[in-house]
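Here is what each chain is made of, one letter per residue.
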Amino acid sequence: MKAVTTSSATQSEAETTAATVDVVLPCLNEAEALPWVLARIPPTWRALVVDNGSTDGSPELARDLGATVVRETRRGFGAACHAGLTAATADLVCFCDCDASLDPSLLVPFVREVYDGEADLVLGRRRPQGRGAWPAHARMGNLALARMLRRRTGLRLHDLGPLRAGRREQLLDLALTDRRSGYPLQMVVRAADAGWRVVEHDVPYLPRTGASKVTGTWRGTWQAVRDMGRVLAEPPVPRDGAGADSFAVLPGGTAQ
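Residues numbered from 1 in each chain as written. Predicted model: local features only at pLDDT ≥ 70, side-chain atom pairs only at ≥ 80, totals over all residues. Heavy atoms only, no water.

Draft legend 1. Fine view of the overall build of the chain. A count of helices and strands for the chain gives nine helices and nine strands. When the 256 residues of the chain are sorted by exposure, 50% land in the buried category. Of all intrachain contacts in the chain linking residues separated by at least 6 positions in sequence, the fraction that spans at least 24 positions is 77%. Carbon and sulfur atoms make up 54% of the accessible area of the chain, which totals about 11800 Å². (Helix = DSSP H or I, 4+ residues; strand = E, 2+ residues; numbered from the N terminus. Buried < 20%, exposed > 50% of the residue type's maximum accessible area, 1.4 Å probe, protein only. Contact = heavy atoms within 4.5 Å. Areas by Shrake-Rupley, 256 points an atom, 1.4 Å probe, with all protein chains shown as cover.)

Draft legend 2. Representation of the pattern of salt bridges in the model. Scanning the entire structure with this criterion turns up twelve salt bridges. A salt bridge links Asp-22 to Arg-46; the shortest N-O distance between them is 2.9 Å. One end of the pair, Asp-22, is in strand β1 (residues 21-27); the other, Arg-46, is in strand β2 (residues 46-51), and 24 residues separate them in sequence. Overall, the relative accessible area of 3% leaves Asp-22 in the buried class. Relative accessible area serves as the criterion here: at 22%, Arg-46 is assigned to the partly exposed category. Note that Arg-208 is salt-bridged to Glu-30, the shortest N-O span being 3.3 Å. Residue Arg-208 is found in the loop between β7 (198-205) and α9 (218-233), and its partner Glu-30 is found in the loop between β1 and α2 (34-39); the two are separated by 178 residues along the sequence. Residue classification places Arg-208 among the partly exposed positions, given a relative accessible area of 22%. For Glu-30, a relative accessible area of 6% gives the class buried. One connected set of salt bridges, linked through shared partners, spans Glu-30, Asp-99 and Arg-208. (Salt bridge = Lys/Arg side-chain N within 4 Å of Asp/Glu carboxyl O.)

Draft legend 3. Representation of the nonpolar core in the model. Core analysis: the largest hydrophobic core is formed by 35 residues, its most contacted members being Phe-95, Leu-121, Leu-149, Leu-171, Leu-185, Met-187 and Val-198. If you list the elements that add at least two residues to this core, you get β2, α4 (77-87), β4 (92-95), β5 (121-128), α6 (136-153), α7 (168-173), α8 (183-193) and α9. In terms of residue count, the dominant contributor to this core is α8 (seven residues). Those residues in contact with Phe-95 that lie beyond four places of it in its chain are Val-24, Cys-81, Leu-85, Leu-107, Pro-162, Leu-163, Arg-164, Leu-171 and Met-187. Leu-92, Ala-119, Val-203 and Tyr-205 belong to the second-largest nonpolar core, a separate cluster that totals 32 residues. (Core = buried A, V, L, I, M, F, W, Y, C linked by side-chain atoms within 4.5 Å.)

Draft legend 4. Fine view of unusual backbone geometry. Of note in this structure, Asn-29 is not a glycine but carries a positive phi near 55°. Tracing the chain through its elements places Asn-29 in the loop between β1 and α2. For Asn-29, a relative accessible area of 30% puts it in the partly exposed group. Here the phi dihedral of Ala-100 falls at roughly 70°; this positive angle occurs in a residue that is not glycine.

Draft legend 5. Examining the side chain of Ser-101 more closely. Checked against the element boundaries, Ser-101 lands in the loop between β4 and α5 (107-115). Its relative accessible area of 0% is what places Ser-101 among the buried residues. Side chain to side chain, Ser-101 and Asp-99 meet in a polar contact 2.6 Å long. Beyond its immediate stretch of four places on either side in the chain, Ser-101 contacts Pro-204, Tyr-205, Leu-206 and Arg-208. (Polar contact = N/O pair within 3.5 Å; in protein donor to acceptor, adjacent residues only side chain to side chain.)

Draft legend 6. Spatial organisation of α5. Along α5, the positions that sit buried rather than exposed are Leu-107, Val-108, Phe-110, Val-111, Glu-113 and Val-114. Gly-117, located one to two residues past α5, shows a positive phi value of around 80°.

Right, here's the structure in full:
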């Protein structure tokens, strides 16, 4: 019996890594982290590096490393994430920060859970590894938002981390509108309103490479909390299946 179980698990993992998956990687001046991040994308998956105005050669480096580059000129974390989601063509789509704080290979069991129909949206609960991985002000802001999310939706989540997996068409049907720091939260709120099965799993959270664009300072954290507070104040919205912006992949592995 044990041998059969092990064989089944191995087969399931093999099917997952061979599945059609796009990994959205929002990017703003992450040239230092890109080699580490892209080397950890499963070989059969496609990396979509969404450049949000980098000046350090990130898009050129990403392309040289084999990633598809998506251009998003509108600044904002949500704008970059949604540009990647819209440019994706795979049935299964993942999101991961591009700063080497999270290992994208950890998405394999997330994808397997969605692929097998056990969950609709899988999130990574960040567990800091080492001093400085998650500043106190950022952790406090995240904790406050998780509590507000619980009151708003009933979901007993502990984190609103960027490592996540779901199905592309379902994610587009959420008709997400936030293009700033509230995007990850809006995804969870609307998923809960739609009755999705949302789960979270612990993942190691490493000290990021380079400077944080959002929660590296008290001011950035406060702005993120404000953005997310507005999302939590939104009433449930009816979904009509409408997507959003359209992006086309151009020759040479670039989309805009």
